[in-house]
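# Summary of structural features
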Amino acid sequence: MRLTDDQLAEYEERGYLIIRDLIDPEEVAALRADLGRVMRLDTAEVTKEKSGVLRTVFRVHDPRSPTASPPFATLACLPRILGPAQQLLRDDAPYVYHSKCNLKEAIKGEIWQWHQDYGAWANDGVRKPDMTTALLMLDEATEIGGCLYFSPGSHKLGRCDPELDTETTSYRLWTVRKLDVVAAMEQIGDPVAIAGRPGTVVLFHPNLVHGSGHNMSRYSRWHIYTVYNRVANRPPTRENARPEWVVARDTTPLRMCSDDGIVRLRHAA
Ligand code: SIN
Ligand code: MN
């Protein structure tokens with residue numbers, strides 16, 4: 001699939017692009033079913049909130065991962081998602097920097113503080129914000145359920161000097177400092193809720209300021225994020241690098257699969 005010039009201009013201007021109903025209900029069902037399997041594994045890639053409920057399942061796209069999931073590996077290579085990612089990166093051969101499924105369980109799923117993803121990735125040694133993230137909603141994303149909020153246009157501010165938050169949640173997150181968030185919002189306006197039906201895909205820029213609140217609803221809010229990077233932009237090998245489930249060591253370019261890849265896997269099972 002190719003993005004139109006208007007879609008490309010919208011991404012450029014706002015720092016994100018929402019494509020509704022991009023993934024079919026049958027594909028969402030297949031992804032959800034396999035996520036239900038890998039989330040039960042006892043491995044470092046499956047992380048929990050401080051309360052003990054599940055928070056994130058990492059590295060589902062990678063066949064060498066303990067959490068390897070064929071439908072998620074296929075998702076990363078679907079023409080409907082990889083095609084737009086290639087266009088946004090102006091590169092036909094990106095690789096997956098990481099993938100993560102944020103489960104944000106009913107009532108107990110916790111917040112993601114305001115941050116820019118490139119806050120952490122620059123610290124990993126990634127030289128340029130030549131990356132894009134494809135978020136797929138596997139559940140209905142609502143405000144009460146802790147949907148994402150984006151600060152439209154904030155990617156144009158560049159990278160704010162991040163601050164490591166080790167306290168708020170179980171995940172050590174490089175956040176945007178409170179005063180910088182307030183200044184950004186004063187300059188460019190209030191954030192918007194990124195609500196949507198299952199099957200909605202949102203592409204967003206690594207310098208976009210974003211965050212999400214606690215899930216106060218009785219429904220879970222499963223979101224899967226696949227992050228694409230240019231091979232030429234991969235971070236250098238380092239002794240003290242973060243684990244492979246957040247910084248992929250395998251930078252093999254993705255090969256586009258067939259658009260019915262997820263459904264075929266389902267029927268073959
Ligand atoms: C993230 O920005 O990395 C996760 C936010 C969320 O899932 O709400
Ligand atoms: Mn993020």
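Parameters and conventions
Residues numbered from 1 in each chain as written. Chains lettered and ligands numbered in written order. Predicted model: local features only at pLDDT ≥ 70, side-chain atom pairs only at ≥ 80, totals over all residues. Heavy atoms only, no water. Phe/Tyr/Trp six-rings, centres within 6.5 Å; stacked < 30°, edge-to-face > 60°. Lys NZ or Arg CZ within 6 Å of the ring centre and 35° of its normal. Donors = N, O, S within 2.8 Å, 3.2 Å for Na, K, Ca; no water. Helix = DSSP H or I, 4+ residues; strand = E, 2+ residues; numbered from the N terminus. Buried < 20%, exposed > 50% of the residue type's maximum accessible area, 1.4 Å probe, protein only. Pairing = 2+ DSSP bridges. Axes fitted to C-alpha atoms, helices over the stretch in contact; angles between N-to-C directions.

### Comments concerning the packing of aromatic side chains
If you walk through the whole model with that rule in mind, you get 7 aromatic pairs. Grouped by ring-pair contacts, the aromatic residues Tyr16, Phe150, Phe204 and Tyr225 constitute a single cluster. Sitting over the ring of tryptophan 222, arginine 32 keeps its end group 4.3 Å from the ring centre.

### Some remarks on the coordination of the manganese ion (ligand 2)
For the manganese ion (ligand 2), every protein donor is listed as His115 (NE2), Asp117 (OD) and His210 (NE2), and the spread of their distances is 2.1 to 2.2 Å. Within one chain, the residues donating to the manganese ion (ligand 2) are spaced in sequence as H-x1-D-x92-H. Linking aspartate 117 in helix α5 (residues 117-123) with histidine 210 in strand β12 (residues 210-212), this pair joins segments that are 93 residues apart in sequence. For aspartate 117, a relative accessible area of 7% puts it in the buried group.

### Here's the deal with the sheet that holds strand β10 (residues 192-194)
The antiparallel open sheet is built from 4 strands, whose spatial order is β5-β12-β7-β10. Of all the strands in the sheet, just β5 (112-115) and β10 have a single pairing partner and so form its edges. If you compare each strand with its neighbour and ignore which way they point, the axes differ by 30° on average. Where strand β7 (residues 148-150) and β10 come together, 3 bridges link them in antiparallel fashion. Within β10, the position partnered with leucine 148 by the bridge is isoleucine 194.

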